[in-house]
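# Results of the structural survey
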Amino acid sequence: MDLRIFTEPQQGASYDTLLAVAKATEDLGFDAFFRSDHYLKMGDVDGLPGPTDAWITLAGLARETKRIRLGTLMTAGTFRLPGVLAIQVAQVDQMSGGRVELGLGAGWFEQEHKAYGIPFPKEKFGRLEEQLAIVTGLWETKLGDTFDFHGTYYDLTDSPALPKPAQARIPVLIGGHGATRTPKLTARYADEFNMPFASIEDSERQFGRVRAAVEAAGRGADELTYSNALVVCVGKDDQEVARRAAVIGREVDELKTNGLAGTPAEVVEKIGRYAEIGSRRLYLQVLDLSDLDHLELISAQVQSQLS
């Protein structure tokens, strides 16, 4: 089971804070540092000092880290034109020496679009499908050839399809709870399927849908990595768990039901239950980015038991 650190900077984090977390992620042996792609805070937080851009952040971290994978859960398709996104991600992949992964979603938070003047189209899923075709198509086009795409929402003619990523194929992540269209889109474009903030039962059901869609598309179901994203709150004892839960404004019982919370032994046991349904990677949503001791505890007493 791979453990990856997943941050939500829109809730309040500077680049320096994210850099400190990314360096701790690398030093403590975690597999990757991922971040959300949002421009507006959610819930009862001040969000200060304000939003940071996902791909600018990852470009900086690409030069400040050496080993960890870097990516998004999920880049919002509404924020960027697909041709521009392909250039951005390929460049950051080059800057990192081939350590980038692209999680791409349709975009959903209407208020952040209103706050920053970003169009929020009614038909988002069809756009996402075209975006995936364009981004992957540009990367896969052979050097010297050009790329054309004529869709409902986007039109590209004689694109040189440059620059190329450092990796032969940048891993593409698709996720979500959709019962029909999401599995089909995953089967066509994804290397990984991520189930966000879901129970073991719901994850197992959705993994089954995705595996069936992948096989129907003529691929082996095990070609994909199946993963979950879950909020994490670990303490060496019940008192420390309660203290960390209070800092992020959550109740311990709710976190134990809907996330990974408790002592290291409790968390390892629950991770094992996700592993039993086929999850091979967990994105640990860390909400208090100032608490690097939390990451040290997870590394020493959770991750060590999984290896």
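Residues numbered from 1 in each chain as written. Predicted model: local features only at pLDDT ≥ 70, side-chain atom pairs only at ≥ 80, totals over all residues. Heavy atoms only, no water.

### Brief notes about the packing of aromatic side chains
Inspection of the entire model under this criterion finds 6 aromatic pairs. Here Tyr39 and Phe79 contribute two aromatic rings whose centre-to-centre distance is 4.6 Å and whose plane-to-plane angle is 25°, an arrangement assigned as stacked. Remark: Phe79 occurs in the loop between strand E4 (75-76) and helix H3 (82-96) and Tyr39 occurs in the loop between strand E2 (32-35) and helix H2 (54-64); sequence separation between them is 40 residues. Judged on exposure class, the residue Tyr39 and its partner Phe79 are both buried. (Phe/Tyr/Trp six-rings, centres within 6.5 Å; stacked < 30°, edge-to-face > 60°. Helix = DSSP H or I, 4+ residues; strand = E, 2+ residues; numbered from the N terminus. Buried < 20%, exposed > 50% of the residue type's maximum accessible area, 1.4 Å probe, protein only.)

### A closer look at the pattern of salt bridges
Applying the stated criterion across every chain, the model contains 22 salt bridges. Glu140 is the partner of Arg169 in a salt bridge, and the nearest nitrogen-oxygen pair spans 3.2 Å. Taken together, the residues span a long stretch of sequence, with Arg169 in the loop between strand E7 (155-159) and strand E8 (172-175) and Glu140 in helix H5 (residues 125-140) at a distance of 29 residues. A residue is classified by how much of its surface remains accessible, and Arg169, at 38% relative accessible area, is partly exposed. For Glu140, a relative accessible area of 52% gives the class exposed. (Salt bridge = Lys/Arg side-chain N within 4 Å of Asp/Glu carboxyl O.)

### Observations regarding empty space enclosed by the protein
Per the stated rule, a full pass over the model turns up 2 cavities of 30 Å³ or more. In this structure, the largest cavity encloses a volume near 70 Å³. Each residue belonging to the lining of the largest cavity can be placed in one class, and the counts come to 5 nonpolar, 1 polar and 3 charged. Quantified by volume, the second largest cavity comes out at close to 30 Å³. When residues of the lining of the second largest cavity are traced back to their parent elements, those giving at least two are strand E10 (225-234), helix H10 (264-276) and helix H11 (292-306). Here the lining of the second largest cavity is built from residues that sort into 9 nonpolar, no polar and no charged. (1 Å grid on protein atoms, 1.4 Å probe; cavity = no way out; pocket = protein on both sides within 12 Å on 5 of 7 lines; lining within 4 Å. Points joined across faces, edges and corners; volume = space filled by probe spheres on them. Nonpolar A, V, L, I, M, F, W, Y, C, P; charged D, E, K, R; others polar.)

### Focus on the environment of Arg280
With respect to the secondary-structure elements, Arg280 resides in the loop between H10 and strand E12 (281-286). Along the backbone, Arg280 and Leu3 are 277 residues apart, and their C-alpha atoms lie at a distance of 9.0 Å. With sequence-adjacent residues up to four places away left out, Arg280 is seen in contact with Met1, Asp2, Thr225, Tyr226 and Ala275. Separated by 3.0 Å, the side chain of Arg280 and the backbone oxygen of Ala275 make a polar contact. (Contact = heavy atoms within 4.5 Å. Polar contact = N/O pair within 3.5 Å; in protein donor to acceptor, adjacent residues only side chain to side chain.)

### Re the nonpolar core
By size, the foremost hydrophobic cluster in this structure holds 74 residues, and its most contacted members are Phe33 and Trp55. Looking at this core element by element, the count peaks at 8 residues for H5. Dropping the residues within four chain positions of it, Trp55 is found in contact with Thr72, Thr75, Arg80, Leu85, Val89, Val92, Val100, Glu101 and Leu102. (Core = buried A, V, L, I, M, F, W, Y, C linked by side-chain atoms within 4.5 Å.)

### Section: the side chain of Arg99
Here Arg99 is to be found in the loop between H3 and strand E5 (100-105). A polar side-chain atom of Arg99 sits 2.8 Å from the main-chain carbonyl oxygen of Ser96.

### Brief notes about the packing of helix H6 (residues 181-189) against helix H7 (residues 200-216)
Contact geometry of H6 with H7 gives a least axis separation of 8 Å together with a crossing angle of 50°. By the angle between their directions, the pair H6 and H7 is classed as oblique. Crossing angle aside, the handedness with which H6 passes H7 is right-handed. Within the contact between the two elements, H6 uses Thr182, Pro183, Lys184, Thr186 and Ala187 and H7 uses Gln206, Arg209, Val210, Ala213 and Val214. (Axes fitted to C-alpha atoms, helices over the stretch in contact; angles between N-to-C directions. Parallel < 35°, antiparallel > 145°, perpendicular 65-115°, else oblique. Left-handed = near helix turned anticlockwise from the far one by under 90°.)

### Topic: the layout of surface pockets
Computed from the structure, the largest pocket encloses a volume of approximately 1200 Å³. In this structure, the largest pocket is lined by 46 residues; those nearest its centre are Glu8, His38, Trp108, Phe197 and Gln285. For the lining of the largest pocket, the elements supplying multiple residues, two or more each, are E5, H5, E8, H6, strand E9 (192-196), E10 and helix H9 (252-258). The class makeup of the residues in the lining of the largest pocket is 21 nonpolar, 18 polar and 7 charged. Quantified by volume, the second largest pocket comes out at close to 160 Å³. Lining of the second largest pocket is provided by Gly77, Thr78, Arg80, Leu81, Ala106, Pro119, Pro121, Lys124, Arg127, Gln131 and Tyr154. A per-class count over the lining of the second largest pocket returns 5 nonpolar, 3 polar and 3 charged.

By themselves, these are just geometric observations and shouldn't be taken as functional.
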